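Coordinates in review
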Amino acid sequence: AQSVAQPEDQVNVAEGNPLTVKCTYSVSGNPYLFWYVQYPNRGLQFLLKYITGDNLVKGSYGFEAEFNKSQTSFHLKKPSALVSDSALYFCAVRAFNAGNNRKLIWGLGTSLAVNP
Amino acid sequence: AAGVIQSPRHLIKEKRETATLKCYPIPRHDTVYWYQQGPGQDPQFLISFYEKMQSDKGSIPDRFSAQQFSDYHSELNMSSLELGDSALYFCASSNERGMAKNIQYFGAGTRLSVL
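Residues numbered from 1 in each chain as written. Chains lettered and ligands numbered in written order. Predicted model: local features only at pLDDT ≥ 70, side-chain atom pairs only at ≥ 80, totals over all residues. Heavy atoms only, no water.

**What about unusual backbone geometry?**
All names here are of chain B.
- Cis geometry marks the peptide bond from S7 to P8, where omega comes out at -10 degrees.
- Mapping P8 onto the fold places it in the loop between β1 (5-7) and β2 (10-13).
- One non-glycine residue with positive phi stands out, namely K52, at about 70 degrees.
- Relative to the assigned elements, K52 resides in the loop between β5 (44-50) and β6 (53-57).
- According to the relative accessible area criterion, K52 is partly exposed, its value standing at 34%. (Helix = DSSP H or I, 4+ residues; strand = E, 2+ residues; numbered from the N terminus. Buried < 20%, exposed > 50% of the residue type's maximum accessible area, 1.4 Å probe, protein only.)

Okay, structure coming up:
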């Protein structure tokens with residue numbers, strides 16, 4: 001069965017420090033991988049995706065993520081965290097060979113708190 | 001740029017009532033998705049439509065139904081509401097034939113409270 005795991009419910013980091021939000025996945029076939037961010041009482045905003053190509057993908061707001069096929073991971077990173085990055089982050093996956101199945105499988109989310 | 005529009009933003013209903021949530025996708029997007037997100041939960045996929053045809057079905061209760069109309073807007077109809085239906089309902093759209101395919105763009109959501 002396809003699944004996404006975000007092992008940390010919460011990540012705390014000091015402003016200016018690098019941050020990592022972890023995501024691992026289990027999917028048959030080649031994965032499409034996504035990161036979304038959700039601010040309080042807001043919809044989910046697309047950050048970045050990996051479909052194919054370079055394992056390191058860059059997205060919005062200075063975020064990037066590295067696809068690691070051997071570890072089935074897609075960790076979200078940012079070199080220098082901002083207080084405004086504090087939000088809920090969701091990792092999602094879609095199997096490439098799923099035919100017309102376009103639904104995303106979501107992780108449970110990681111709450112990122114950046115402290116001033 | 002135009003985004004996904006959902007209405008209403010907030011809805012309060014009583015048990016056993018019905019509710020209709022509306023979603024207007026980004027222009028020229030061909031796929032619409034509905035999600036339910038409970039407090040502190042990840043989004044739960046309900047149903048999706050591609051070119052006005054149901055393309056995938058998730059954990060949508062039998063009491064709920066949805067459709068996509070000729071103008072591509074979609075409606076989620078919820079009947080016999082239960083307390084447990086209180087949640088944020090998100091609509092998302094994507095253009096599966098364009099350069100940005102596979103990216104789902106979300107609306108701001110409808111917060112449904114069932115009393």
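**A word on the sheet that holds strand β7 (residues 64-68) of chain B**
All names here are of chain B.
- What the four strands build is an open sheet, ordered β1-β3-β8-β7; its pairing is antiparallel. Edge positions in the sheet fall to β1 and β7, since each of these pairs with one other strand and no more. The average undirected angle you get between the axes of adjacent strands in this sheet is 15 degrees.
- The sheet contact formed by β1 and strand β3 (residues 19-24) spans three bridges and is antiparallel. Looking at the pairing, Q6 lines up with C23 of β3. (Pairing = 2+ DSSP bridges. Axes fitted to C-alpha atoms, helices over the stretch in contact; angles between N-to-C directions.)

**Topic: the state of the cysteines**
Residue and element names in this part refer to chain A.
- All told, the structure shown has two disulfides over all chains when counted by the stated rule.
- Residue pairing for C23: its cysteine sulfur links by disulfide to C91, the two sulfurs lying 2.0 Å apart. Taking the torsion about the S-S bond as the criterion, the C23 to C91 disulfide, at about -65 degrees, is left-handed. Here C23, found in the loop between β3 (19-21) and β4 (24-26), pairs with C91, found in strand β10 (residues 87-95); they are 68 residues apart in sequence, far enough to count as distant. (Disulfide = S-S within 2.5 Å.)

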